[in-house]
Amino acid sequence: MRYNGVDIRTVHPAISVNKEIYPGAARREVVTVRGNRREIYAGHRSEQSEAVIRVNIAGRTRDEAYEVRALLAAWAASSGEATAMLEPTHWQGKAYEAVLSEISEPEYIFGHTTVDVVFALPDGRAYDLAESMASGEGGVNMMIGGSDKATLIITQIMSGATSGLTWTMDGERILKLKSSYKAASGAKIVADFASGSLTADGTHIEAQIDYTASTWQPRTTPGEHALTSNNAGTIEARWRNRWI
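Rules of the game
Residues numbered from 1 in each chain as written. Predicted model: local features only at pLDDT ≥ 70, side-chain atom pairs only at ≥ 80, totals over all residues. Heavy atoms only, no water. Pairing = 2+ DSSP bridges. Helix = DSSP H or I, 4+ residues; strand = E, 2+ residues; numbered from the N terminus. Axes fitted to C-alpha atoms, helices over the stretch in contact; angles between N-to-C directions. Buried < 20%, exposed > 50% of the residue type's maximum accessible area, 1.4 Å probe, protein only. Contact = heavy atoms within 4.5 Å. Polar contact = N/O pair within 3.5 Å; in protein donor to acceptor, adjacent residues only side chain to side chain. Core = buried A, V, L, I, M, F, W, Y, C linked by side-chain atoms within 4.5 Å.

Chemist: What is the right way to read the sheet that holds strand β16 (residues 166-169) from this model?
Modeler: Across the sheet, which stays open at both edges, the four strands sit in the order β13-β22-β16-β17 with antiparallel pairing between neighbours. Of all the strands in the sheet, just β13 (139-144) and β17 (172-176) have a single pairing partner and so form its edges. Strand after strand, the sheet turns through a mean of 20 degrees between neighbouring axes, direction not considered. Alignment of β16 against β17, held across four bridges, turns out to be antiparallel. Note on β17: the bridge partner recorded for T166 is K176.

Next up, the structure:
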């Protein structure tokens, strides 16, 4: 397994992985409302999950084991104040966003030490390391894989000067800019639906979104989806397939 791009086996020759325990599925908080005779399902929210890496440290003495444990801790905390990719050994091509939560007290038994490295997974869903992409002129068909909704980054290079801009997906309007907004020919419009940002040539233009006519929430469930624009310029969608 790797974390933040570094294989745990390269940290020290005395380290070996006993077990990797990942979520069976991302945790959910189920939201209900009280009905006349029963609770009624109203939706759910994703919750933080965790991954536990059980590590063996071979060592003739406790002092030696603690020295190796210090190297292990540095590896597990290498992302600093941010999350980093945690790549399971037995799920190639997939990763979780993770950050160190804790390392258990060392348990010294018959010449080796065992510790649990616990990573917090803010999302709890795994995603493909390989990014998916589809592009076309004025529209594009996407085939989203995985088992859960993906998050899109959509980029369009404007063809000709345009007043306003409208994107639809599967017939539903996901973005409409105010008609007063003027986009120059060749302008690069980028919408990142994960962060909620919208830029034109690097300048934020969220204030130009007509929220009364935009859902700003593409329905990116696994399957085929059609994205269209009222501008004929090249449009590109990028995403990573996600797994519950």
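Chemist: Teacher, can you tell me more about the environment of H12 here?
Modeler: Examined against the element boundaries, H12 turns out to sit in the loop between β2 (6-7) and β3 (15-21). Residue H12 is classed as partly exposed on the basis of its relative accessible area of 26%. Residues H12 and K94, 82 residues apart in the sequence, show an inter-C-alpha distance of 25 Å. Every residue in contact with H12, bar those within four places of it in the chain, is listed here: V68 and L71. In terms of polar contacts, H12 uses its side chain to reach the backbone amide nitrogen of A14, at 3.0 Å.

Chemist: I keep staring at the nonpolar core and nothing clicks. Help me out?
Modeler: With 29 residues, the main nonpolar core has M142, I154, W167, I189, L198 and L227 as its most contacted residues. Among the elements of the structure, β13, β16, β17, β19 (188-192), β20 (197-200) and β23 (234-239) are those that each provide at least two residues to this core. When sequence neighbours within four positions are dropped, the list of residues in contact with I154 reads W167, I174, I189, V190, A191, F193, L227, I235, E236 and A237. In terms of nonpolar packing, the next biggest core, distinct from the first, is built from 26 residues, M1, V55, V115 and F119 among them.

Chemist: Could you clarify how one ought to interpret unusual backbone geometry in this entry?
Modeler: Glycine aside, residues mostly have negative phi angles, and peptide bonds mostly take the trans form. Of note, D170 is a non-glycine position whose phi angle comes to about 55 degrees, a positive value. Relative to the assigned elements, D170 resides in the loop between β16 and β17. For D170, a relative accessible area of 45% translates into the label partly exposed. Backbone geometry places D201, a non-glycine residue, at a positive phi of 50 degrees. Structurally, D201 can be placed in the loop between β20 and β21 (203-204).

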